[in-house]
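So the chains spell out like this:
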Amino acid sequence: MRLIKFILAMTTMLFSLNVFASGFDWKAHSGKTITILMNEHPVLDGIRSLIPQFEEDTGIKVKVNALAEDLYFDRMEVNLRGAKGADAHFCPMDATAFNQFSAGLLQPLNGFLDDDHATHPDYDVNDFPSGFLNATNFPGGPGSNYYCIPMSFESYIVFYNKDLVNKYLGGKLPETMDELISMAKQVKADSGGEVAGAAMRGLRTDTNIDTISGLVFNAWGDRPIEGPYGVWFDGDWNKPRLDDPAIQKGLSDYAGLMQAGPSDILSYNWNEAGNAFCNGQAAFFADASLFGPWLESDDCPISKDNTGYMALPPQKKGGTSYTANWQWGIGMGANAQEKDAGWYFIQYMTNKSSEPKIGTYHGGAGRLSTWENDEYTSTLNPDYVSATLESMKTVRTSVVPVKDFNKYALEVMDVILRIHAGESSEAATAEGNENFKNM
């Protein structure tokens, strides 16, 4: 009997020790100091508000190195290539991150995510849509690693000016993409050109590719897109498919909205297009969801309380809307000095408790659960929440992880410009295909 009691006691003690050993401890790296490299951004404003609590909860001290965005990208590259890098950095989840991954500059995060000692059991990485996580799931497919955790996303939706829609369209909203283009052109015609039907990015730049992808994905529908080739290649880098009817339609949709735009639309980047809508100069604005909070701020007195939101209208009435997304995330370089403590910072700022707080600063929270959290949604327009959440259900990354994709993106924009100028979509995309092959 004594032997049995002894064995039971030892089993209980060993079990207790195992539970303790496998448990997560926020104080595990107390006393360490980490450096965070970020650009000035609403996300950083939210992070700054939580740093004192993070330091209290973990005992880890945080130094923030923040730069203006036009300086940040160069400094980020220098940081990742130095002998000693920052312990976490703001990560553009696009071809920039892919090029850094290809050069061996990024630290994979799966080792932390899969470690019970390193990651709190309630973290739940699967609360992020796969379409978000896959943006830096390199090299793609089963068994690959995540290199950045989403912090702020933009999907591509439609904003509309309620007063202008009431005045020129009798309050009717488009139910299909063709209707959106037709209505936008009607507003421009009926106003004698005083009001643009749509504000769009028309400037010749490769950075338009994310918004363009939103409209192309909407035309592409639920057909699979094989990674890493994106929608633009048919499973092989030597097989461009700009002439696919769905891609032709998406590019034509974009050009059609440009045709309903202001006379100087070829000079419009996101800021010019956004300001035109902000100032009541356009009925519709198809662009990044993240502009919602700005359009309802005191910086936009005309659009404030006068902005409506909708997912991209589907191709067919009653159909499903599809779109693309782009993201800022947070990751760490392979040269980070305090990787364990840096990971604590990353998971703390992206967990289910912190994300709703940080999200109130930018309106683009990445977790699905955050969009059901009153702490977050109560700060936003309910229609904005509804439209953005609908877009999240079918969102796919616009990122094509191949070196120098910017030159392909610029050619896609050139195809749109040719259609905008009056060339047929068939001829414009055929030329684009040949140019892709020559690249």
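First, a word on scope: everything that follows refers to the structure included in this document. (Residues numbered from 1 in each chain as written. Predicted model: local features only at pLDDT ≥ 70, side-chain atom pairs only at ≥ 80, totals over all residues. Heavy atoms only, no water.)

**Side note on unusual backbone geometry**
Thinking step 1. With omega at -5°, the peptide bond leading from Phe138 into Pro139 counts as cis.
Thinking step 2. Its place among the elements puts Pro139 in the loop between strand S4 (137-138) and strand S5 (145-146).
Thinking step 3. One non-glycine residue with positive phi stands out, namely Asp124, at about 60°.
Thinking step 4. Note that Asp124 resides in the loop between helix H5 (110-113) and helix H6 (130-133).
Thinking step 5. A relative accessible area of 34% means that Asp124 is categorised as partly exposed.
Thinking step 6. Even without being glycine, Asp305 reaches a positive phi, approximately 65°.
Thinking step 7. By the element assignment, Asp305 lies in the loop between helix H12 (291-295) and strand S9 (307-311). (Helix = DSSP H or I, 4+ residues; strand = E, 2+ residues; numbered from the N terminus. Buried < 20%, exposed > 50% of the residue type's maximum accessible area, 1.4 Å probe, protein only.)

**Some remarks on the nonpolar core**
Thinking step 1. Formed by 137 residues in total, the largest nonpolar core has its most connected members in Ile47, Trp232, Leu251, Phe284, Trp343, Phe345 and Met349.
Thinking step 2. Ranked by the residues each element gives to this core, the list is headed by helix H17 (residues 405-420), at nine residues.
Thinking step 3. Discounting residues that sit within four places of it in the chain, Trp343 has contacts with Leu109, Phe112, Leu113, Ala118, Thr119, Ile149 and Met332. (Core = buried A, V, L, I, M, F, W, Y, C linked by side-chain atoms within 4.5 Å. Contact = heavy atoms within 4.5 Å.)

**A closer look at the packing of helix H9 (residues 209-220) against helix H10 (residues 245-259)**
Thinking step 1. The contact between H9 and H10 brings their axes to 8 Å, and the two run at 130°. By the criterion of interaxial angle, the relationship of H9 to H10 is oblique. Of the two elements, H9 crosses H10, and the hand of that crossing is right-handed. Residue-level inspection shows Thr211, Ile212, Leu215, Val216, Ala219 and Trp220 of H9 in contact with H10, the latter providing Ala246, Ile247, Lys249, Gly250, Leu251, Asp253, Tyr254 and Leu257.
Thinking step 2. Within the contact of H9 with H10, the residues separate by chemical class into ten nonpolar, two polar and two charged. (Axes fitted to C-alpha atoms, helices over the stretch in contact; angles between N-to-C directions. Parallel < 35°, antiparallel > 145°, perpendicular 65-115°, else oblique. Left-handed = near helix turned anticlockwise from the far one by under 90°. Nonpolar A, V, L, I, M, F, W, Y, C, P; charged D, E, K, R; others polar.)

**Quick word on helix H7 (residues 162-169)**
Thinking step 1. Among all positions in H7, only Leu164, Val165, Tyr168 and Leu169 are buried. Angularly, the buried residues of H7 cover 100° about the axis, an arc narrow enough to put them on a single face. Looking at H7, the residues exposed on the side facing more than 90 degrees away from the buried face are Asp163 and Lys167.
Thinking step 2. The elements touched by buried residues of H7 are strand S6 (149-161), helix H8 (177-190) and strand S8 (282-288).
Thinking step 3. The N-terminus of H7 is capped by Asn161, whose side-chain oxygen sits 3.0 Å from the backbone nitrogen of Asp163.
Thinking step 4. After H7 finishes, the residue Gly170 shows a positive phi value of roughly 65°. (Arc of directions from axis to C-beta. Polar contact = N/O pair within 3.5 Å; in protein donor to acceptor, adjacent residues only side chain to side chain.)

**Structural notes on the state of the cysteines**
Here a disulfide denotes one covalent bond, and it connects the sulfur atoms of two cysteines.
Thinking step 1. Counted by the stated rule, this structure contains two disulfides.
Thinking step 2. Here Cys91 connects covalently by a disulfide to Cys148, the sulfurs 1.9 Å from one another. Where Cys91 bonds to Cys148 through sulfur, the torsion about that S-S bond is close to 50°, and the disulfide is right-handed. Note that Cys91 is positioned in strand S3 (residues 88-92) and Cys148 in the loop between S5 and S6, a separation of 57 residues in sequence.
Thinking step 3. Cys91 sits in the buried class, given a relative accessible area of 0%.
Thinking step 4. Disulfide partner of Cys278: Cys300, at an S-S distance of 2.2 Å. (Disulfide = S-S within 2.5 Å.)

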